[in-house]
Amino acid sequence: MVKQTLLRLSLLTITLFSCTSGTPCALKNIKPDYYVCVCNSTYCDTAPSADKISQGQYMVISTTRNGKRFNTQVFQAGKTSTTEAIYQVNTNETRQAINGFGGAFTDAAGINIASLPPDAQTHLIASYFGKDGLGYTVGRVPMASCDFSTHPYSYDDTPGDLNMTKFALASEDLKYKIPFIKEAMKMSPRPIKMFGSPWSAPAWMKENKNMTGKGSIIGSPGGSYYKAWAQYFVRFLQEYEKQNITFWGLTAQNEPIDGLIPNFPFQCMGYTPELYRDFIKLDLGPALEDAGYGKLKLMMLDDQRLFVIDWAKVVLGDPDASKYIAGIGIHWYLDTFLPASLLTDVHNLFPEKFIFATEACEGSLPWQKSLPVDLGSWERGAVYASDIINDLNNWVTGWTDWNLALDLKGGPNWVSNFVDSPILIDAGQKKFYKQPMFYILGHF
């Protein structure tokens with residue numbers, strides 16, 4: 001069903017364009033039906049470039065289990081049909097505007113990209129953001145550290161500094177995030193919508209005095225610690241602006257449920273829906289507005305679709321909180337168990353708020369931990385395709401992959417929470433591998 005759906009999607013979206021074939025994939029067979037494309041300093045495949053079609057012609061671009069990658073074929077349209085597939089376009093129905101597709105500039109991604117020779121680094125960034133790449137227009141940035149860092153850190157580790165006078169970007173931002181964001185911005189023919197997400201406040205600001213485990217900000221929304229935490233967001237935006245990087249959006253907290261779980265192993269911070277609502281309406285929303293960031297796209301939740309209805313009712317049901325919120329961020333990790341129709345349900349409740357997929361990756365589920373990286377897996381790419389299609393059919397406006405690149409183990413990750421990525425880097429061989437997931441993303 002996934003293969004049939006993907007073919008139908010390709011036909012629907014690609015037949016409006018004619019293409020010039022890109023540089024072909026240097027195909028490497030890992031094992032039967034497992035293929036990657038190999039890139040290095042001197043060679044890397046590219047995506048086809050699209051132009052307007054000639055009347056009466058159409059083109060099909062296909063990626064297949066047996067190793068075809070962005071294979072292009074031109075056909076002449078006929079008056080009779082040789083297939084059972086029938087496509088109908090309803091020009092009277094308007095669906096959602098698409099915000100874009102992209103991935104995350106994590107510390108781990110930057111560390112891996114930096115391990116390559118300069119020309120290979122350029123090929124990798126161009127593969128995502130360049131004019132001959134996938135056409136990514138979205139980039140996510142963790143605010144300070146996350147599990148895909150080499151250690152926990154914040155931007156202000158000075159206890160009691162509620163005025164954020166010691167706030168400063170970390171060396172990881174300056175070395176592993178900002179340079180590659182700037183390179184992507186330079187290569188992209190379109191603006192990149194950057195959005196930031198925090199994993200945890202500094203340990204000294206939290207009840208449990210730790211960036212991990214069960215814990216929330218000290219006190220209550222409207223109090224001094226929550227006010228300081230709101231200013232932390234403002235300072236993050238200001239410091240990145242000094243680096244000529246402007247953000248399109250923010251999420252108020254990555255996976256706020258994690259911080260309610262005892263002994264949660266990596267950076268997190270807990271909110272109930274009510275606490276979250278009050279933080280936004282009393283602290284974060286006013287702080288952003290007062291600092292001139294009132295038009296920035298603030299997204300709520302940034303967690304699994306399991307929680308979307310209840311959280312939206314509490315947070316968006318309060319007009320004093322809702323006025324600061326533009327959209328709802330969704331993670332994919334429970335999508336196997338929950339219907340995508342939940343997204344249509346929340347859209348129908350709050351149609352003025354966009355829904356945006358803010359994180360996804362393969363290799364993260366408990367039964368995958370013995371094989372976090374499955375080099376060349378077609379099935380993992382097919383799962384990406386199915387999830388994206390279901391999301392788009394249920395009002396989602398874009399899809400953000402997790403790490404742009406990882407090593408062959410699926411890291412680095414300071415708590416060994418290794419996962420898969422569309423691009424994997426073999427630093428010892430000075431090359432990187434594009435997996436089926438990468439090409440599937442290119443069909444959207």
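On a predicted model such as this, the values are computed, not experimentally measured, just so you know. Counting restarts for each chain: residues are numbered from 1 in the order of the written sequence. Owing to the predicted nature of the model, reporting of local features is limited to residues with pLDDT of at least 70; listing and counting of side-chain atom pairs is limited to 80 or more, with chain, interface and lining totals taken over all residues. Only hydrogens and water are set aside; all other atoms, that is, all heavy atoms of the structure, feed into the side-chain values.

Comments concerning the sheet that holds strand β8 (residues 138-143)
No. 1: Overall, parallel pairing links the eight strands, which are arranged β7-β8-β9-β10-β11-β12-β13-β14 in a closed barrel. Strand-to-strand twist of the sheet, defined as the mean angle between neighbouring strand axes without regard to direction, takes the value 25 degrees.
No. 2: In short, DSSP must find at least two bridges between two strands for them to pair. A run of H or I in DSSP counts as a helix once it spans at least four residues, and a run of E counts as a strand once it spans at least two, with each numbered from the N terminus. Pairing analysis gives three bridges linking strand β10 (residues 249-251) to strand β11 (residues 297-304), with the strands arranged parallel. Residue pairing for β11: Gly249 is matched across the bridge by Lys297.
No. 3: In what follows, residue pairs with any heavy atoms lying within 4.5 Å of each other are defined as contacts. Axis angles are defined between N-to-C directions and span 0 to 180 degrees, where every axis is a line fitted to C-alpha atoms and, for a helix, only to the segment in contact. Seen against the sheet, helix α6 (residues 273-290) touches β10 and β11 and runs at an angle of roughly 150 degrees to β11.

Some thoughts on the UniProt feature "domain: Glycosyl hydrolase family 30 TIM-barrel" (unreviewed entry) in the protein
No. 1: UniProt positions are given in the numbering used here, feature names are shortened, and annotations may be inferred rather than shown by experiment. Sequence positions flagged by UniProt for "domain: Glycosyl hydrolase family 30 TIM-barrel" (unreviewed entry) are, in local numbering, residues 98-444.
No. 2: Taken end to end, residues 98-444 is 34% helix and 16% strand, and its first and last C-alpha atoms sit 11 Å apart.

With respect to the state of the cysteines
A covalent bond between the sulfur atoms of two cysteines is what we call a disulfide.
No. 1: Any pair of cysteine sulfurs within 2.5 Å is marked as a disulfide. According to the stated counting rule, one finds two disulfides in the structure shown.
No. 2: Here Cys25 engages in a disulfide with Cys37; their sulfurs sit 2.0 Å apart. When the S-S torsion is -100 degrees, as for the bridge of Cys25 with Cys37, the disulfide is left-handed. Of this pair, Cys25 sits in the loop between β1 (17-20) and β2 (27-31) while Cys37 sits in strand β3 (residues 34-39), and the two are twelve residues apart along the sequence.
No. 3: For every residue, the accessible area obtained with a 1.4 Å probe (protein chains only) is divided by the maximum for its type, and the residue is called buried under 20%, exposed over 50%, and partly exposed between those limits. The exposure class of Cys25 is partly exposed, given its relative accessible area of 21%.
No. 4: The disulfide that involves Cys39 links it to Cys44, with 2.2 Å between the sulfurs. Residues Cys39 and Cys44 are joined by a disulfide whose S-S torsion is about 70 degrees; by sign, that bridge is right-handed. Pair check on accessibility: Cys39 and Cys44 agree, each one buried.
No. 5: Taken N- to C-terminal, the disulfide-bonded cysteines of the protein are connected 1-2, 3-4.
No. 6: The thiol of Cys268 is not disulfide-bonded; the next cysteine sulfur, from Cys146, is found 12 Å away.
No. 7: What makes Cys268 buried here is its relative accessible area of 1%.

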